[in-house]
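An overview of the molecular structure
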Amino acid sequence: MVLRLKKTNSGASTPPAMAKKRSSKATLFLIFISFIALCAIVPVFAPLPSIPFPSRHRSHHKKVDRKFEIANDMFWKDGEPFRIIGGDLHYFRVHPEYWEDRLLKAKALGLNTIQTYIPWNLHEPTPGKLVFEGIANLESFLNLCHKLDLLVMVRAGPYICAEWDWGGLPSWLFSMSPSPKPRSSDPTFLQLVEKWWDNLLPKFVPLLFDNGGPIIMVQIENEYGSYGSDKAYLRHLITLARGHLGHDTILYTTDGGSRENLEKGTIRGDTVYSAVDFTTGDAPWPIFKLQKEFNTPGKSPPLSTEFYTGWLTHWGEKNAKTDADFTAAALEEILRKNGSAVLYMAHGGSNFGFYNGANTGTDEADYQPDLTSYDYDAPIREDGDVDNSKFKAIRRVIARYSSVPLPSIPPDNEKTSYGPIHLQRQSSLFDMFDFTNSSKAFESENPMSMENVGQFFGFLLYVTEYKARSGRRILSIPKVHDRAQVFISCSSEGRGATPIYVGTVERWLNKKLSFPEFQCHSNINLYILVENMGRVNYGPFIFDRKGILSSVYLDGNKVQGWKMFPIPLHNLNEAPNYNPIVQAAYSAFSEKSTFRKRLMNKSENASKEPAFYSGHFLIDKSSRVKDTFLSFKNWGKGIVFVNDFNLGRYWPLKGPQCNLYVPAPVLKRGDNFVVILELESPDPKLVVHTVDERDFTCGVNGMNAHQL
């Protein structure tokens with residue numbers, strides 16, 4: 001969607017936001033070192049001409065006496081007028097064991113429809129490897145919606161935005177040569193989409209409303225008018241969708257409520273229903289009047305597919321908040337004239353793993369990565385809480401327009417503190433590599449991107465060396481995505497040398513680094529650890545490769561001869577073939593060797609050196625396992641795994657998020673194991689506290705909620 005100003009009650013404008021989005025070979029085994037030998041893995045889990053479709057695409061499902069359709073500028077369900085009062089709730093941002101809890105709370109809010117995106121990259125993390133299990137078990141989620149009598153609007157992509165890494169497009173597209181051009185009629189891209197939808201769309205067929213299921217509409221692209229105007233691309237998506245889903249299924253597009261967006265992003269006529277979204281507080285009915293111009297007469301029920309209940313937050317910003325009564329009043333302005341709306345978000349959830357997206361401002365260097373939390377100030381909070389003013393205000397409005405009485409409100413889930421978790425420093429990141437063994441690295445004269453070495457998420461370590469000489473040295477990396485920590489060591493000191501931290505180069509504040517005077521009688525090793533903090537998901541700069549994307553210069557001279565070491569920390573949808581903690585317990589690092597003793601007794605002067613820390617906490621068998629939060633106050637920046645579940649990133653120094661949400665299904669009675677990769681500055685006491693509430697007050701100067 002086009003950038004626009006978010007408005008408050010008084011009409012004052014805040015900085016530009018992104019209408020819903022945006023203002024936002026080494027086979028080295030995983031390096032979690034732990035003193036625990038056994039622990040259990042927690043599963044993670046103009047109109048188109050008539051087109052002859054191949055018979056393999058046709059549905060042979062027996063039709064039932066059900067019908068969802070559009071006529072007389074209204075939605076009709078089984079012959080009766082129907083108003084969509086829906087909400088976005090993304091299965092991939094909620095632990096599967098909590099899907100039912102969150103859906104019941106959505107019903108209690110008064111919703112009759114759930115809208116969800118489908119992220120291609122979650123379901124096909126590597127080419128040809130399809131994942132529909134655990135948190136990616138889409139069919140289970142859709143069947144659960146059906147069981148709970150909730151209709152579903154499916155946003156099938158292939159691009160979704162959603163503040164999700166690269167808008168759901170799989171990053172391995174960047175590893176192809178030449179790379180296909182996403183969201184276009186590039187034949188290579190269309191072939192890849194066809195393969196993906198050949199696997200995805202047949203799953204919808206038995207779940208279509210006319211076949212007895214919950215799916216009433218399927219979206220084929222998302223806010224395309226804010227990005228491009230390739231009508232051949234859109235028509236090809238329609239052809240694919242019709243081939244699988246038939247001619248009766250309602251296909252739709254969503255675009256920002258301006259003439260320009262609708263001209264570019266829609267297919268006029270009744271082939272596809274054109275829906276709109278717009279900033280909460282904008283006058284809705286002039287936009288709905290404009291919407292009618294892009295639909296066949298009688299085929300334009302007024303629908304906002306993204307009614308914003310809140311807003312996203314980036315690292316380093318104040319936590320976004322929207323007034324409850326203002327939000328509820330804006331919703332009523334739609335409902336009181338028989339309009340339909342879908343709340344974005346009804347429940348935000350969490351960006352577990354490495355899947356958070358990012359936004360940009362005026363250029364690609366103005367990079368704004370999203371928090372791990374996707375709370376979104378939604379009426380159902382990240383942890384499922386509904387005892388809040390926004391839930392109550394929206395529910396009161398919906399109750400006045402609902403055709404059925406609203407269910408009672410379920411209680412909030414209990415949360416607890418399990419006390420402090422004492423950690424031990426297990427190993428430096430650098431001690432996990434044998435830099436002399438080229439078989440475990442990619443080698444190139446110039447740095448390679450993460451995608452080109454198959455490291456799609458997380459971290460990549462770049463290593464080279466340069467000749468020592470007296471005097472200070474200046475390092476520059478013109479283009480790094482997204483954050484590079486730089487270290488040096490003297491190669492003559494061998495494997496035991498502790499790298500010295502020089503500084504950090506950040507994409508959004510790219511600066512040259514001045515190396516200190518460094519005495520060394522041999523070549524100097526240069527280590528650059530690059531973190532991918534999430535691919536841009538919206539706007540003109542979404543072609544967001546990761547890693548070092550330029551030459552590296554030392555005193556103005558190009559540095560060549562690089563080794564790239566992938567660091568394969570598993571992502572949200574990747575259940576390892578082995579438990580990395582158990583594996584590490586039987587590795588050489590668990591032996592009581594002189595080398596290990598030296599690692600454990602390194603000076604704390606190396607606190608800027610990335611390292612792994614591990615610990616555990618007990619949930620007594622008499623206690624009930626409950627939700628909790630991990631507080632990272634006094635820590636620097638890193639990622640954390642609990643019982644092998646990738647919770648995501650913490651960065652309290654930047655803020656505003658201090659705590660990471662830990663859903664109870666991640667935990668278990670008995671010992672629970674925590675592994676942290678701290679990149680910069682661990683808590684001197686090596687303690688992480690479990691607490692019973694969220695906290696968004698962190699940051700360099702401390703932060704208060706930012707009222708939109």
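Here, every reference points to the structure presented above.
Okay, so let's go over this structure. For every chain, the first residue of its written sequence is number 1, and the numbers climb from 1 along that sequence. Under the rules for a predicted model, residues below a pLDDT of 70 receive no local features and side-chain atom pairs below 80 are neither given nor counted, while totals for whole chains, interfaces and linings still include all residues. Working from all heavy atoms in the structure, the side-chain values ignore hydrogens and water.

1. What to know about the sheet that holds strand S1 (residues 68-71)
Strand pairing is defined by DSSP finding a minimum of two bridges between the two strands. Secondary structure follows DSSP: runs of H or I at least 4 residues long count as helices, runs of E at least 2 residues long count as strands, and numbering of each begins at the N terminus. As summarised here, the arrangement of the three strands in space is S1-S2-S3, forming an open sheet in which the pairing is antiparallel. Every other strand in the sheet has two partners, leaving S1 and strand S3 (80-82) as the edge strands with one partner each. Across the sheet, the axes of successive neighbouring strands diverge by a mean angle of 45°, strand direction being ignored. With three bridges connecting them, strand S2 (residues 74-77) and S3 associate as antiparallel partners. In the strand pairing of S3, Trp 76 is matched with Pro 81. Axis angles are defined between N-to-C directions and span 0 to 180 degrees, where every axis is a line fitted to C-alpha atoms and, for a helix, only to the segment in contact.

2. Some thoughts on the state of the cysteines
Here, the term disulfide refers to a pair of cysteine sulfur atoms separated by no more than 2.5 Å. The tally for this structure, following the rule as stated, stands at two disulfides. In this model Cys 490 forms its disulfide with Cys 520; the gap between the sulfur atoms is 2.0 Å. On the sign convention where negative is left-handed, the bridge of Cys 490 and Cys 520, at about 80° about the S-S bond, is right-handed. Of this pair, Cys 490 sits in strand S20 (residues 483-490) while Cys 520 sits in the loop between strand S22 (513-515) and strand S23 (524-531); the two residues are 30 residues apart in sequence, bridging distant segments of the chain. Between the sulfur atoms of Cys 658 and its disulfide partner Cys 698 the distance amounts to 2.1 Å.

3. Comments concerning the sheet that holds strand S27 (residues 562-567)
The antiparallel open sheet is built from six strands, whose spatial order is S16-S27-S17-S23-S20-S21. The open sheet has two edge strands with one neighbour each: strand S16 (442-444) and strand S21 (500-506). In this sheet, neighbouring strand axes are inclined to one another by 20° on average, regardless of whether the strands run parallel or antiparallel. Pairing analysis gives eight bridges linking strand S17 (residues 459-466) to S23, with the strands arranged antiparallel. Across the sheet, Val 463 pairs through a bridge with Tyr 527, a residue of S23.

4. Comments concerning the pairing of strand S15 (residues 419-428)
The element S15 is extensively covered by neighbouring structure, given that seven of its ten residues are classed as buried. In this sheet, strand S34 (residues 687-691) lies alongside S15 in antiparallel orientation, the contact comprising four bridges. The residue bridging Pro 420 from the neighbouring strand is His 689, located in S34. Pairing of S15 with strand S28 (residues 611-619) involves five bridges; the strand directions are antiparallel. For each residue, the accessible area found with a 1.4 Å probe, counting protein chains only, is set against the maximum for its type, and the residue is called buried under 20%, exposed over 50%, and partly exposed in between.

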